[in-house]
Amino acid sequence: MKKLLIVLAFAGVCMSSMAQDADPTLKYSVQTNSFWSNWFIQANANWSAFYSNEEHGANLPVSPIKSFRSAPNFSVALGKWFSPSIGLRTKFYGIWGRQVLPEEVKHEYKYWNLQEQGLLNLSNIFCGYNPNRVWNVSLFGGLGFERNKEINMSSMSYSLGLMNQFRLCSHVSLNLELGWLYKEHDTDNIEEKSPTDISHAIFWESHDQQLYAELGLTIDLGNHGFSSKVCKTGWKNTPDVDAIKALSQAQIDALNAQLNDVNAENARLRDLLANQKPAPAETQIIKEYACPAISVFFTINKWDIRSKKDLVNIKSMAEFAKENGNNLLVKGYADSATGTPSRNQFLSEKRAETVANELVNMGVSRDNITTEAHGGVLDLSPVSYNRRATVEITK
């Protein structure tokens, strides 16, 4: 029996690792749905092999496909997923069984077995929740009762197995299930006992048991008509509040940095005005842009502009450069706190090129734009400020 448990556990881990891995971006927390959400029903046809404690010592063939121990059956189940990884189902098995005697003779009886089983979706546990995954593997185990209808006798039973589900469409999956039922007492109504003392039998031979393989369908309930307002299937991701706060704070920090640059330039201009000498009779009016450098910020290890709001002041500078024939210098930076020097040099080049392309889209000639890549730096605090590109007028 220990070997069987080890095989089932090993198969669960292997099959879960073979299932399609979810996109890492989908490994998120999920919202809790209402009680009426994520219910499902199942209907299956199965082939069962029965093993009796009375065959201990009879040296019968143990193959599950032998006609004296196998029979067709069916099962139906109603269940609910409480999270993407944990579920519960009530399952009915029946109704044709085999009495396995010491001789290879086919004997039949009727029974039913009702199990309450816990479900663990190994694919979601190890690979992350993915609503579009084609293959999901779940481990199940439970307990219940079996009743022999021929003698009206009941016995406690246990179940263990693997459930494979192959997604056919948004609400229907194909089931392929392998399972084991262990009966606590003698339920097959065999009066004849084996000549060998059953008290010394190994665990596998000391109780009536049943192995089965079944094929069927799982239908998810909900998202249909009026019931879709209450009964839903699937899970919605929980908003990452920390990420939203971090993004908002980063945008505020970027605006503060730009405001500090403008204030510094205004102070410089006030000093120039205070110390300005009287102008000659003929004064040449020279237009000068008030802000010498504007920053555009990026996310770590990315060269896509983090916020399009950063381009508002860039566009103003581009218009000034076009009207006055000025050249623009774009400098790219990365933070030296993360990444290798070669990676940071690459990021700074890509960030400078990204901003240069935006200037071209704004109508600035590429001939009037120069780019420089300064690699990783640690000039500003916090570290995120160093993941930037700056634009300034050089002429």
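Look a little higher up for the structure.
Residues numbered from 1 in each chain as written. Predicted model: local features only at pLDDT ≥ 70, side-chain atom pairs only at ≥ 80, totals over all residues. Heavy atoms only, no water.

**Thoughts on the sheet that holds strand E11 (residues 369-377)**
One open sheet holds the 4 strands; their spatial order is E9-E12-E10-E11, and the pairing between them is mixed. Where the open sheet ends on each side, the last strands, each with one partner, are strand E9 (293-297) and E11. The mean inter-strand angle of the sheet, taken between neighbouring strand axes irrespective of direction, is 20°. Where strand E10 (residues 328-335) meets E11, 7 bridges bridge the pair, whose relative direction is parallel. For Lys331, the partnering residue across the bridge sits in E11 and is Glu372. Relative to the sheet, helix H4 (residues 311-324) contacts E9, E10 and strand E12 (388-393), its axis offset from that of E12 by approximately 30°. Strands in contact with helix H5 (residues 341-361) are E9, E10, E11 and E12; relative to E11, the strand with the most contacts, it is inclined by about 150°. (Pairing = 2+ DSSP bridges. Helix = DSSP H or I, 4+ residues; strand = E, 2+ residues; numbered from the N terminus. Axes fitted to C-alpha atoms, helices over the stretch in contact; angles between N-to-C directions. Contact = heavy atoms within 4.5 Å.)

**Section: the nonpolar core**
Among the nonpolar cores identified, the biggest contains 20 residues, and Ile314, Leu328, Val330, Val355, Leu359 and Val391 are the most heavily contacted of them. Looking at this core element by element, the count peaks at 5 residues for H4. If we ignore the near neighbours within four places in the chain, the residues touching Val391 are Pro292, Ala293, Ile294, Ile314, Met317, Leu328, Leu329, Val330, Val355 and Leu359. One finds Phe68, Tyr109, Met163 and Trp235 within the second-largest nonpolar core, a separate group that totals 17 residues. (Core = buried A, V, L, I, M, F, W, Y, C linked by side-chain atoms within 4.5 Å. Buried < 20%, exposed > 50% of the residue type's maximum accessible area, 1.4 Å probe, protein only.)

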